[in-house]
Amino acid sequence: MLVVDEHDVPFPPTCPARARRLLETGRAAVARRTPFTVRVKDRTAKEAGASFSA
């Protein structure tokens, strides 16, 4: 599953179970359906220290 922050900066891909938990708890929202991408609301890639480029 693809994950981006609120500025569309990509995070490393995650497993469907983690994406589902993020959506259920309200920490993320669906950004795109094809390819399925979730947008994390409470962190940015810079804060997380993610260094992934797609």
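In this report, we go over the structure that sits alongside the text. Predicted, not measured: the structure shown is a model, and the values here were computed from it.

Let us now look at the nonpolar core. Val-3, Phe-11, Leu-22, Ala-28, Val-38, Val-40 and Ala-45 together form the largest nonpolar core, which totals 7 residues. Non-local contacts of Ala-28, meaning those with residues more than four positions away in its chain, are made with Leu-22, Leu-23, Val-38, Arg-39, Val-40 and Lys-41.

Time to look at the sheet that holds strand β4 (residues 37-40). Pairing within the open sheet is mixed, and its 4 strands lie in the order β2-β1-β4-β3. The sheet terminates laterally at β2 (10-11) and β3 (28-32), the two strands that pair on one side only.

Turning our eyes to something else, we now look at the pairing of β3. As paired strands, β3 and β4 are joined by 4 bridges and run antiparallel to one another. Bridging across to β4, Arg-32 finds its partner in Thr-37.

The rules behind the values
- Residues numbered from 1 in each chain as written.
- Predicted model: local features only at pLDDT ≥ 70, side-chain atom pairs only at ≥ 80, totals over all residues.
- Heavy atoms only, no water.
- Core = buried A, V, L, I, M, F, W, Y, C linked by side-chain atoms within 4.5 Å.
- Buried < 20%, exposed > 50% of the residue type's maximum accessible area, 1.4 Å probe, protein only.
- Contact = heavy atoms within 4.5 Å.
- Pairing = 2+ DSSP bridges.
- Helix = DSSP H or I, 4+ residues; strand = E, 2+ residues; numbered from the N terminus.

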